[in-house]
Amino acid sequence: ICSISARNRQKISFDLPVGLFSTTLSTTALILLEVLNLSGNLLGVLPNQIGQLQNLRELDVSANKLVSLPRPVEYLGHLESLRADFNNLRSLPDLKGLTSLSELSVTCNLISAFPTTIRDLRLLKVFRLAGNDLLYTPEWLVIRYAHFA
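Residues numbered from 1 in each chain as written. Predicted model: local features only at pLDDT ≥ 70, side-chain atom pairs only at ≥ 80, totals over all residues. Heavy atoms only, no water.

Draft legend 1. Structural detail: the overall build of the chain. When helices and strands are tallied, the chain shows two helices and seven strands. The order of α-helices and β-strands along the chain, N terminus first, is β-β-α-β-β-β-β-β-α. Here the chain holds 149 residues, and 45% of them are scored as buried. Considering only contacts within the chain whose residues lie at least 6 apart along the sequence, 24% involve residues at least 24 apart. Taken as a whole, the chain presents about 8000 Å² of accessible surface, with 56% of it coming from carbon and sulfur. (Helix = DSSP H or I, 4+ residues; strand = E, 2+ residues; numbered from the N terminus. Buried < 20%, exposed > 50% of the residue type's maximum accessible area, 1.4 Å probe, protein only. Contact = heavy atoms within 4.5 Å. Areas by Shrake-Rupley, 256 points an atom, 1.4 Å probe, with all protein chains shown as cover.)

Draft legend 2. Molecular detail of the packing of aromatic side chains. Within this structure, the stated rule accounts for one aromatic pair. Ring geometry for Phe114 versus Phe127: centroids 5.3 Å apart, planes at 75°, classification edge-to-face. Of this pair, Phe114 sits in the loop between β6 (103–105) and β7 (126–128) while Phe127 sits in strand β7, and the two are 13 residues apart along the sequence. (Phe/Tyr/Trp six-rings, centres within 6.5 Å; stacked < 30°, edge-to-face > 60°.)

Draft legend 3. The arrangement of unusual backbone geometry in detail. You will see that Leu42, though not glycine, has its phi angle at about 60°, which is positive. As for its placement among the helices and strands, Leu42 is situated in the loop between β3 (35–37) and β4 (58–60). Even without a glycine there, the phi angle at Cys108 is positive, about 55°. Considering the arrangement of structural elements, one finds Cys108 in the loop between β6 and β7.

Draft legend 4. Up close: the side chain of Glu74. Tracing the backbone through its elements, the reader meets Glu74 in the loop between β4 and β5 (81–83). For the buried Glu74, no salt bridge exists, and the shortest N-O distance to an oppositely charged side chain is 4.7 Å, to Lys96. In this view, Glu74 contacts Asp94, Lys96, Gly97 and Leu98; residues no more than four positions away in its chain are not counted. (Lys, Arg positive; Asp, Glu negative; His and termini not counted. Salt bridge = Lys/Arg side-chain N within 4 Å of Asp/Glu carboxyl O.)

Next comes the structure, spelled out in structure tokens:
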């Protein structure tokens, strides 16, 4: 099941056969999507075409079987919220293009380090990373968010 939302803020839910997912993403009707919730679908991969959803503001891919996020996620310049909790993510792609991102949630994955470009995301206010395999806490993270403690 996939729930989507476009400019009129109406939510639409539909069943999406696994093999049809990447084909559907490349259709022009979905280019206007602002909210895409793919949580709880046992997805093993996201297609690179996800980067074509230029109007996307919220992306939730939590509770799947993702090992990585495709690099084109970086092209989602209007994305404000990215939730990828409860997957098998080992790393994150370079996120420097996500200049509107205010929430990044990647709890309960297998991430051991984060790309340093996260520190350049000036609008990032919520950064959830509990339950990962972090080897250390980056100094920039402590300095940037110390005043929130």
